[in-house]
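Structural description and commentary
Given next are the chains, with one letter for each unit.
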Amino acid sequence: VRVAVIDTGFDLTHPDLSRADITLKEIGQNPVELPRALDHGAAILGILCAYPHDETGVLGLTPSATVLAVSLGLESTGSGEASVAAGAVKEAIEAAVAWKADIISMSFRLHTDDPELKAAVDRAFGAGCVLIAADGGGGGGVYYPAAYENVISVGTLLDGANVLGCYNCVLLPADYVVSISASAMPEAYGSFTGSSMAAPMMAGMVAIELQNFPERTNEQILEVCKTLYDKPGTTLDGFINLCSQYP
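Figured I'd write up the structure that's included with this text. (Residues numbered from 1 in each chain as written. Predicted model: local features only at pLDDT ≥ 70, side-chain atom pairs only at ≥ 80, totals over all residues. Heavy atoms only, no water.)

Remarks on the nonpolar core
Using the following cut-off: Nonpolar core, defined: a set of buried Ala, Val, Leu, Ile, Met, Phe, Trp, Tyr and Cys residues in which side-chain atoms within 4.5 Å join the residues together. When accessible area is computed with a 1.4 Å probe and restricted to protein chains, residues below 20% of their type maximum are described as buried, those above 50% as exposed, and intermediate ones as partly exposed. A run of H or I in DSSP counts as a helix once it spans at least four residues, and a run of E counts as a strand once it spans at least two, with each numbered from the N terminus.
By size, the foremost hydrophobic cluster in this structure holds 74 residues, and its most contacted members are I93, I104 and I132. For this core, the leading source of residues is helix α4 (residues 195-212), giving 10 residues.

The structure is reproduced here in structure tokens:
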């Protein structure tokens with residue numbers, strides 16, 4: 001299974017990634033001067049495809065997956081903060097499609113709808129990709145690409161879901177997840193919480209589904225995902241129940 005992970009930047013030097021099949025592609029400059037951006041990408045990869053190099057390591061959901069890590073880089077917002085650019089996200093999605101990704105995982109949010117980005121998302125879905133994006137956290141706001149109809153929008157049980165404008169809202173237990181960390185320490189780990197961590201969890205689940213049923217289409221995956229949900233009687237599609245698929 002081929003999974004494209006689009007994020008701000010990646011540090012691939014952690015020993016728990018030494019056995020992973022990861023190719024790095026830089027759309028924007030990989031932000032080596034921004035440790036937090038690299039830490040974010042490293043944690044995402046750890047959840048998805050890490051493999052313990054010794055007894056203290058972590059195991060990702062799909063360590064056998066083939067991964068394309070697409071680094072977006074960051075741009076200044078003019079207010080002392082930094083964010084990803086819609087144009088870079090569009091280019092990253094197009095690169096993932098050209099790489100023939102089965103799954104595209106995105107752990108960031110954009111505050112503004114962008115027609116060209118939406119068109120790239122729709123083309124990727126048309127090419128057969130399963131697209132997954134962090135919902136930006138509970139509490140309101142419409143964020144992209146999670147709000148697009150061909151994207152599975154994922155949040156956490158702790159934050160609750162951001163259901164505004166989302167077509168496919170899912171909650172996962174992505175709170176206080178232990179994963180690898182980009183750090184000066186050679187074998188660093190950390191605890192991570194947020195919808196950003198939910199995206200690689202969902203990507204890993206879909207990858208397992210495709211490993212078991214490679215004939216599944218992305219439209220079928222959306223339907224299969226709905227059978228994994230408990231129905232708590234809320235406005236959400238439901239909470240992910242990882243055990244419900246199996247006897």
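So that's the structure; there's more coming.
Digging into the packing of helix α2 (residues 86-98) against helix α3 (residues 115-126)
To keep it simple, the criterion reads: Think of each axis as a best-fit line through the C-alpha atoms, taken over the contacting stretch in the case of a helix, with angles from 0 to 180 degrees between the N-to-C directions. For classification, angles of less than 35 degrees are called roughly parallel, those exceeding 145 degrees roughly antiparallel, those between 65 and 115 degrees roughly perpendicular, and all remaining angles oblique. Working rule for handedness: look at the near helix, and if it is turned counterclockwise from the far one by less than a right angle, call the crossing left-handed; if clockwise, right-handed. In this description, contact between two residues means that some pair of their heavy atoms is separated by no more than 4.5 Å.
Look at α2 against α3: their axes get within 9 Å of each other, and the N-to-C directions meet at 15 degrees. Here α2 is positioned roughly parallel relative to α3, judged by the angle of their axes. The handedness of the crossing between α2 and α3 comes out as left-handed. Where α2 abuts α3, its residues A86, V89, K90, I93, E94 and V97 lie against E116, L117, A120, V121, R123 and A124.

Focus: α3
We apply this condition: What a helix should span is 1.5 Å times the count of its residues minus one. Think of the arc as the fan of directions from the helix axis to the C-beta atoms. We define a polar contact as two N or O atoms separated by no more than 3.5 Å, with the added condition that, inside protein, one atom must be a possible hydrogen donor and the other a possible acceptor, whereas residues neighbouring each other in sequence contribute only through side-chain atom pairs.
Its 12 residues give α3 an end-to-end C-alpha distance of 16 Å, which sits within 8% of 16 Å, the value for a rise of 1.5 Å per residue. Here α3 has its buried residues at L117, A120, V121, A124 and F125. The arc that holds every buried residue of α3, seen down its axis, measures 135 degrees, which confines them to one face. Relative to its buried face, α3 has exposed residues pointing more than 90 degrees away, namely P115, E116 and G126. Among the residues of α3, the N-terminal cap falls to D114, whose side-chain oxygen and the backbone nitrogen of E116 are separated by 3.0 Å. A positive phi of about 105 degrees marks G128, the residue just after α3.

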